[in-house]
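# Structure assessment
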Amino acid sequence: MVEPLKSVCPTGAKMKLRQNKIVIRIIISLFVLYAVLHIPDSEPELLQPGDKSAFAWNSDQYWSELETRFIEAKHIGCDSLTNSINAGLLQLESMTEVLNSRAVSPESSQFQLIEQKIFDLSVLIGACSDSLTKFINAFSVLRTAVKDQSIHWNTNEQSSRDCTYRLIYGGRTAIEEIILQASNIDLPNVFIENDEPSSTPSAKILGVNIHSGDILVSRGGAPTSALIARGNDYPGNFSHIALVHVDDKSGDVSIIESHIEIGVAVANIEVYFNDKKLRVMVLRLRSDLPAIQSDPMLPHNAATYALNRALTEHISYDFTMDTEDPKRLFCSEVAFDAYRHYGVRLWSALSHISSVGVKNWLAVFGVKNFTTMEPSDLEYDPQLRVIAEWRDYETLYKDHLDNAVVDIMLESAEEGMTIDYDWHILPVARIMKGYSFVLNLFNKAGPIPKGMNATTALRNEWFSARHNATVEKLRKEANQFYQINGYVPPYWELIKMARRVFNQ
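Residues numbered from 1 in each chain as written. Predicted model: local features only at pLDDT ≥ 70, side-chain atom pairs only at ≥ 80, totals over all residues. Heavy atoms only, no water.

## Points about the overall build of the chain
The cut-off we apply is this: To qualify as a helix, a DSSP run of H or I must reach at least 4 residues; to qualify as a strand, a run of E must reach at least 2; elements of each kind are numbered from the N terminus. Note on exposure labels: buried denotes an accessible area under 20% of the residue type's maximum, exposed denotes more than 50%, and partly exposed covers the range between, all computed with a 1.4 Å probe on protein chains only. Methods summary: accessible areas were calculated by the Shrake-Rupley approach with a probe of 1.4 Å, and residue burial reflects only the protein chains presented. For the purpose of charge, His is not counted, nor are the chain termini; Lys and Arg are scored as positive and Asp and Glu as negative. To locate a charge, take NZ of a lysine, CZ of an arginine, CG of an aspartate or CD of a glutamate.
Tallying secondary structure elements over the chain gives 16 helices and 11 strands in all. Projected onto its principal axes, the C-alpha coordinates of the chain cover approximately 125 × 60 × 45 Å. Looking at the chain as a whole, 53% of its 504 residues qualify as buried. As presented, the chain carries roughly 24100 Å² of accessible surface, and 55% of it is formed by carbon and sulfur atoms. Where the 48 positive side-chain charges of the chain centre and where its 62 negative ones centre are 9 Å apart.

Structure below.
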């Protein structure tokens, strides 16, 4: 009888061979998975310029002249400037009274004279800031008068947009340049501008009576906040919108807003301010609007509608910025959708993003609609009164540094620069996206927001890192400028410095 052949491999050797095969298969599988996860996403289609053009001051020589006059005024001193400042403030008030007395076309030379007076005064008050509070109050009255005038204009026409922007944004810029030069002056953080009547429930926030239905326009501290504020035809200072609800029984304040990470959410006032804010403006519907005259509680009803939606639905963030689709909402749409539900259409002038470089950059973040509603543009809506504005020196300076760097980055975008990303860590980012997807199923936020793919998240990281590194270089240059010249570099100087350090 022939005995069966015995295995030439001992049992232990067979097991080791099997384990080695398993390890090799795992390594091969991981390599294949890594290679698959490394396959790049398709690039967004390159976009074409819009039919409009971005606003440009084209006033570099004028800014330099203002700086020269500012230096001369500093040498003259306050004692010799006071009479000129007081006379200038009286002239500005008289010009504003003209606007309050009759209708004026946006093409009127009256507005050009007012703009020149604002900048002339800013030079003197920048050198002698004792009259800064008076100047801020005079500008507040002027801003209200300009918005009242614009009620009678076609606010979507370029002449109207240019006029309101030059005066309101220009006036804001002039005031903030003075504030940065007057860092040793004890200014209140909150300036109350109007006390527009309202019948809706209210609460005291930062010393201001905030009513249900009020809109909070703010600026975040992230680099993408600066991109949102600056990346449109009329670059501004705001990047976020939130709607206030005040409970008519308990007085509890709820802030309804949409975040990139989680979509529409509700926060209390403490949580709202814990999310870094560089500035906050309070806006309120005018009490003389026909819709408010007909229903004084309309703003509260709109806020209640938004609150109920936020508490009962999961509303994702709208990366495409499609204002006609209420299923997903970006921050501006929270206020827009709530008031639209009650027949009030905010943003009387729509925002346009025309520059091809800006469009292509925003497209990589998912934006598909370039006629939309930018937070900064809500300030110019004549249906709304500016109630109050909060800002302080430190956050204002950061705001200006961030803006200057983004402005220069957007210049590079126009020259063909693209937003890059670190492709080596794309597989890791895709794994994190899978993890985020699982969390999203349970209505939790993951490291990569819903609606954003892994590549976009890495582009965001690249943009933020490049921005932050340039800001730090700019801060050092600005400090050197101050040490040499004895004054904080004005914005046009920051632009020159940012351009230099960005290209190093």
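Picking up where we left off.
## With respect to the sheet that holds strand β6 (residues 253-259)
Keep this limit in mind: DSSP bridges decide pairing: two strands pair if at least two such bridges lie between them. Axis definition: a line fitted to C-alpha atoms, limited for helices to the stretch in contact. Angles are taken between N-to-C directions and run from 0 to 180 degrees. Two residues form a contact once any of their heavy atoms are found within 4.5 Å.
Pairing in this open sheet of seven strands is antiparallel, and the strands run β1-β11-β8-β4-β5-β6-β7 from one edge to the other. A single partner strand is all that each edge strand has here, and the edge strands are β1 (190-192) and β7 (263-267). Strand-to-strand twist across the sheet, computed as the mean angle between neighbouring axes with direction ignored, equals 25 degrees. Here strand β5 (residues 240-246) pairs with β6 via five bridges, running antiparallel. From the neighbouring strand, Val244 faces β6, where its bridge partner is Ile255. In this fold helix α5 (residues 132-150) packs onto β1, β8 (277-285) and β11 (384-390), with an angle of close to 155 degrees to the strand it touches most, β11.

## What about a nonpolar patch on the surface?
For clarity, the threshold we go by: Put simply, a patch holds well-exposed residues, over 30% relative accessible area, that have no salt bridge, with like charges counted together within 9 Å and Val, Leu, Ile, Met, Phe, Trp or Tyr side chains within 5 Å. Within this document, salt bridges are pairs made up of a side-chain nitrogen of Lys or Arg and a carboxyl oxygen of Asp or Glu, the two lying within 4 Å of each other.
A grouping of Ile425, Val428, Met432 and Tyr435 is seen on the molecular surface, where their side chains present a nonpolar patch of about 360 Å² in accessible area. Checked against the element boundaries, Ile425 lands in the loop between α13 (393-414) and α14 (426-441).

## Remarks on the environment of Gln483
If you trace the backbone, Gln483 turns up in helix α15 (residues 454-485). On the accessibility criterion, Gln483 (65% relative accessible area) is exposed. Separated by 171 residues in sequence, Gln483 and Thr312 place their C-alpha atoms 56 Å apart.

## A short note on the pairing of strand β4 (residues 215-220)
Judged by how many residues are buried, β4 sits mostly within the fold: six of six residues are covered. As paired strands, β4 and β5 are joined by four bridges and run antiparallel to one another. Paired with Leu216 across the bridge in β5 is Ala242. Examined bridge by bridge, β4 and β8 share six bridges and lie antiparallel to one another. Residue pairing in the sheet places Val217 in a bridge with Met281 of β8.

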